[in-house]
Amino acid sequence: MREEDARESLIALLQLAYAAEKAAGYAYRGHWHSVVDADERIRLAQIENEEWHHRDLVGEMLNTLGAAPNKRLEIRAAIIGRSLGVLCHFTGWLAPMYGAGRLESRNIREYETAARFAAGCGHHEFVDCLLKMAEVEWEHEKYFRSRVLIHRLGRRLSLWPEPPPKETIRESFPRESEETLELIEASR
Ligand SMILES: [Fe+2]
Ligand SMILES: [Fe+2]
């Protein structure tokens, strides 16, 4: 992969993530208002805050790259996020927990991939922050999985694949980003 390609891929992925964090923020706001258990409300509100924080961090990276958020994605994210936030009040307890867990498992991989693209285009200063966000998403996935599994019906559902242990996010990174750099070198 050429350095310029890595940069373009990074920008596209960060634009997606920036919008997805907004959708998540709105969805979790509706979600925590819809549950009655006090501990669940606290944890979900905390997750909402973490998603808004991610959005700020991703926004700063886009800025550094001289790129802007994607307007179409931003509008779509607002509609999806707000709709999901409202839906949480009608779907019952299990569906939002299940849907969130599934989405969070994808978020982990997205930030890991973004970290590799960042290293691939020389933006090493983004790597630690992107991996940290992948780790936070890993915690989110774990939480939603644990919620689904306390539900009698949830235990009988087939769940999304379980992510590898949290440590592997950092362990696998140097090796894989070295491979990405070798590919960039080879294409020069
Ligand atoms: Fe996030
Ligand atoms: Fe998350």
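My aim in this report is to walk through the structure given alongside it, one point at a time. Keep in mind the model is a prediction, meaning the values are calculated, not measured.

## Thoughts on the overall build of the protein chain
Broken down by element type, the protein chain carries six helices and zero strands. Along the chain direction, N to C, the helices and strands of the protein chain fall in the order α-α-α-α-α-α. For 188 residues, the compact-globule estimate of 2.2 N^0.38 gives 16 Å, and the C-alpha radius of gyration of the protein chain, at 17 Å, lies within 12% of that figure. Reported as C-alpha extents along the three principal axes, the dimensions of the protein chain are approximately 55 × 35 × 25 Å. Among the 188 residues that make up the protein chain, the fraction classed as buried is 36%.

## Points about the environment of L13
You can see L13 is positioned in helix α1 (residues 3-34). Separated by 156 residues in sequence, L13 and I169 have C-alpha atoms that sit 18 Å apart. The residues touching L13, leaving out its near neighbours within four places in the chain, are E110, T113, A114 and F117.

## So, the environment of R156
Secondary-structure assignment places R156 in the loop between α5 (124-150) and α6 (167-186). For the pair R156 and F173, spaced 17 residues apart in the sequence, the C-alpha separation amounts to 35 Å.

## Observations regarding the packing of α1 against helix α2 (residues 38-64)
Between two packed helices, what matters for the description is the angle formed by their axes and the separation of those axes. Running from N to C, α1 and α2 cross one another at 155 degrees; their axes reach a closest spacing of 8 Å. The angle between α1 and α2 falls in the class roughly antiparallel. For the crossing formed where α1 meets α2, the hand is left-handed. Its residues assigned to classes, the contact of α1 with α2 comprises 14 nonpolar, five polar and seven charged.

## Overview of the nonpolar core
For soluble globular proteins, nonpolar side chains are generally found buried alongside one another. Counting residues in hydrophobic clusters, the biggest one holds 34 residues, and the most contacted among them are L10, L14, A114, A118 and L130. Counting only elements with at least two residues in this core, the list comes to α1, α2, α3 (71-87), α4 (94-120) and α5. It is α1 that contributes the most residues to this core, 13 residues altogether. If we skip the residues at most four places from it in the chain, L10 touches A114, F117, A118 and C121. Membership of the second largest hydrophobic core comes to five residues, among which are M97, A100, F144 and V148.

## Here we look at α3
Helix length check: α3, at 17 residues, gives a terminal C-alpha distance of 24 Å against a target of 24 Å (1.5 Å per residue), a fit within 8%. Within the sequence span of α3, burial applies to A77, G81, L84 and G85. Down the axis of α3, the smallest arc covering the buried residues is 100 degrees, so these residues share one side. Facing away from the buried side of α3 by over 90 degrees, the exposed positions are K71, R72, I75 and I79. Buried residues along α3 sit against α1.

## Regarding the packing of α2 against α5
Where α2 meets α5, the axes come as close as 11 Å, and the angle between the chain directions of the two elements is 160 degrees. In terms of orientation, α2 lies roughly antiparallel with respect to α5. Between α2 and α5 lies a crossing whose hand is left-handed. Of α5, the residues touching α2 (which contributes R43, I47, E50, H54, L57 and M61) are F126, C129, M133, V136, H140 and Y143. Residue composition of the contact of α2 with α5, grouped by class: eight nonpolar, two polar and two charged.

## Observations regarding the environment of R170
The residue R170 is located in helix α6 in this model. Between the C-alpha atom of R170 and that of A134, which follows or precedes it by 36 residues, the distance is 9.6 Å.

Parameters and conventions
- Residues numbered from 1 in each chain as written.
- Chains lettered and ligands numbered in written order.
- Predicted model: local features only at pLDDT ≥ 70, side-chain atom pairs only at ≥ 80, totals over all residues.
- Helix = DSSP H or I, 4+ residues; strand = E, 2+ residues; numbered from the N terminus.
- Rg over C-alpha atoms; globule rule 2.2 N^0.38 Å.
- Buried ≥ 20, exposed ≤ 12 C-beta atoms within 10 Å, placed from the backbone.
- Contact = placed C-beta atoms within 7 Å.
- Axes fitted to C-alpha atoms, helices over the stretch in contact; angles between N-to-C directions.
- Parallel < 35°, antiparallel > 145°, perpendicular 65-115°, else oblique.
- Left-handed = near helix turned anticlockwise from the far one by under 90°.
- Nonpolar A, V, L, I, M, F, W, Y, C, P; charged D, E, K, R; others polar.
- Core = buried A, V, L, I, M, F, W, Y, C linked by C-beta atoms within 7 Å.
- Expected span 1.5 Å × (residues − 1).
- Arc of directions from axis to C-beta.

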